[in-house]
Amino acid sequence: GYQNIIFLTAGELLEAVSGQSWDDYLREHIFSPLGMDRTTTTTRGISARGNVATPHVLIEGEVIPVGWRNFDNVGGAGAINSSALEMAEWVRLHLGEGVYEGDTLVSEAVIREMQTPQTVIRRSRTTREIFPETHFQAYGLGWSLRDYRGLKVVSHGGSLDGMRTQVGMIPELDLGVVAITNLNNSWIPQAVMYQVFDAFLEPREKNWSAVMQERWLQSQEEAEERRREEEEARVEGTTPSLPLEAYVGTYEDILYGTAEVWLEDGTLMLQVGPSFVGELEHWHFDTFRAHWRDEQLGRAWVQFRLDRRGEVEEVDVQGWRAFQKTGGGG
């Protein structure tokens, strides 16, 4: 399964092996040699720096500016803040197979292994429609791999807290692209990448902005359709099986830790981890909808389940899994 835990683990291993923190190691061995002077591994103090973009998120059709959350504790899984200009130097390192301005920072063998297929990815219907000339997709070590117009593309994209980045390379052309936008739900970086690729290949009539916009609008329509289906499936006039006090308590999971449920001014509240805190709106029966206080986190379905005695046994939180009740409640 696609996840970030192993990248977090790699960051911890780096510290154990080198004796340096993940932050210090990257600064000394990667950022400084590449001249990435403004690139950081923390959001602390970032708002006070000049020339920094404000992240935005799209929630129910409205674009909302948001702040920066601190991801220091997940280091290697995605806590780097950079720019297109400085990321271009990092791309040059990969295009140079680990050599940058005559210095070897990473071995050629490691770079090639990173760009070698490790996991086969089945092509989706959308991929077949947008990229009919693509024959294979795979995942390397931290890189997505595919063929495009007869050439190998090494790329990766991602979104975190109101920012989206796309990095792509065609090593055979010594060509690299970095596109960043300060909106989480945006396909613009992909459009930019393929438009640049086409500019360096045999010219053809394909407007990638139009292609990606059409697909983005389609995805929004599909999301709206799912929302309408959820509304139509709601059973009106139901109430929770038990008094709200019975749902209060501590719930635990061996992987995700603790979820807490409490009453606040007559409303059930839920907290999972340090960031996901919100009120629970009763939907129907024993299903609620969490409205996270941090708007960029959106909403989530929360379902309480009862045991054969009619007591609350667990809570299933969308995006996590079922937490078992261990204490508290009426």
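Bear in mind the structure is a predicted one, so any value in this text is a computation, not a measurement.

What counts and how
Residues numbered from 1 in each chain as written. Predicted model: local features only at pLDDT ≥ 70, side-chain atom pairs only at ≥ 80, totals over all residues. Heavy atoms only, no water. Phe/Tyr/Trp six-rings, centres within 6.5 Å; stacked < 30°, edge-to-face > 60°. Helix = DSSP H or I, 4+ residues; strand = E, 2+ residues; numbered from the N terminus. Lys NZ or Arg CZ within 6 Å of the ring centre and 35° of its normal. Contact = heavy atoms within 4.5 Å. Pairing = 2+ DSSP bridges. Axes fitted to C-alpha atoms, helices over the stretch in contact; angles between N-to-C directions. Core = buried A, V, L, I, M, F, W, Y, C linked by side-chain atoms within 4.5 Å. Buried < 20%, exposed > 50% of the residue type's maximum accessible area, 1.4 Å probe, protein only. Expected span 1.5 Å × (residues − 1). Polar contact = N/O pair within 3.5 Å; in protein donor to acceptor, adjacent residues only side chain to side chain. 1 Å grid on protein atoms, 1.4 Å probe; cavity = no way out; pocket = protein on both sides within 12 Å on 5 of 7 lines; lining within 4 Å. Points joined across faces, edges and corners; volume = space filled by probe spheres on them.

(A) Molecular detail of the packing of aromatic side chains. On inspection of all chains with the given rule, the structure shows 17 aromatic pairs. Judged by centre distance (6.2 Å) and plane angle (75 degrees), the rings of Trp292 and Trp320 are edge-to-face. With a gap of 28 residues between them, Trp292 in strand S15 (residues 287–292) and Trp320 in the loop between strand S17 (312–317) and strand S18 (322–327) connect regions that are remote in the sequence. Grouped by ring-pair contacts, the aromatic residues Phe131, Tyr148, Tyr194, Phe197 and Trp208 constitute a single cluster. In this arrangement the basic side chain of Arg146 is found over the ring face of Phe131, its NZ or CZ atom lying 4.4 Å from the centre. Positioned above the aromatic ring of Trp283 is the side chain of Arg234, whose terminal nitrogen or guanidinium carbon lies 3.9 Å from the ring centre.

(B) Seen up close, the environment of Gln190. Inspection of the secondary structure puts Gln190 in helix H6 (residues 188–200). With 137 residues separating them in the primary sequence, Gln190 and Gly327 have C-alpha atoms 48 Å apart. In contact with Gln190, other than residues within four places in its own chain, are Gln166 and Met212.

(C) Local environment of the sheet that holds strand S13 (residues 267–272). Overall, antiparallel pairing links the eight strands, which are arranged S11-S12-S13-S14-S15-S16-S17-S18 in a closed barrel. Averaged over all pairs of adjacent strands, the angle between their axes in this sheet comes to 30 degrees, without regard to strand direction. Sheet topology places strand S16 (residues 299–306) next to S17; five bridges connect them, and they run antiparallel. In the sheet register, Gln303 faces S17, and the bridge partner there is Asp316.

(D) Structural view of the environment of Leu242. The residue Leu242 is located in the loop between helix H7 (208–233) and strand S11 (249–253) in this model. Not counting residues up to four positions away in its chain, the partners in contact with Leu242 are Tyr247, Leu306, Gly310 and Val312.

(E) Geometry of the nonpolar core. Tyr251, Leu270, Leu280, Val302 and Phe304 are the most contacted members of the largest nonpolar core, which totals 20 residues. In this structure, Phe304 is in contact with Tyr247, Tyr251, Val261, Leu280, Asp286, Phe288, Val312, Glu314 and Val315, ignoring residues within four places of it in sequence. Ranked by size, the runner-up nonpolar core spans 16 residues in total, among them Ile170, Leu201, Val211 and Met212.

(F) The sheet that holds strand S8 (residues 151–160), seen in detail. With antiparallel pairing, the six strands of this open sheet are ordered in space as S5-S6-S7-S8-S9-S10. Two strands bound the open sheet, and with one partner strand each, they are strand S5 (119–120) and strand S10 (175–181). By the bridge criterion, five bridges tie strand S7 (residues 144–148) to S8 in an arrangement that is antiparallel. Pairing of Asp147 across the sheet is with Lys152, part of S8.

(G) Structural context of H7. Look at H7: 37 Å from first C-alpha to last across 26 residues, which is about the 38 Å you get at 1.5 Å a residue. Turning to H7, its buried residues number three or more, namely Trp208, Val211, Met212 and Arg215. Residues of H7 that are buried sit in contact with helix H5 (125–130), S7 and H6. The distance from a side-chain oxygen at the start of H7 to the backbone nitrogen of Ser209 is 3.0 Å, and the residue carrying that oxygen is Asn207.

(H) The arrangement of the layout of surface pockets in detail. Roughly 1,200 Å³ of internal volume is contained in the second largest pocket. Around the second largest pocket sit 31 residues that line it, and Leu58, Ile59, Glu60, Gly298 and Arg299 are the ones nearest its centre. Elements with a contribution of two residues or more to the lining of the second largest pocket: strand S1 (56–59), strand S2 (62–65), H7, S15 and S16.

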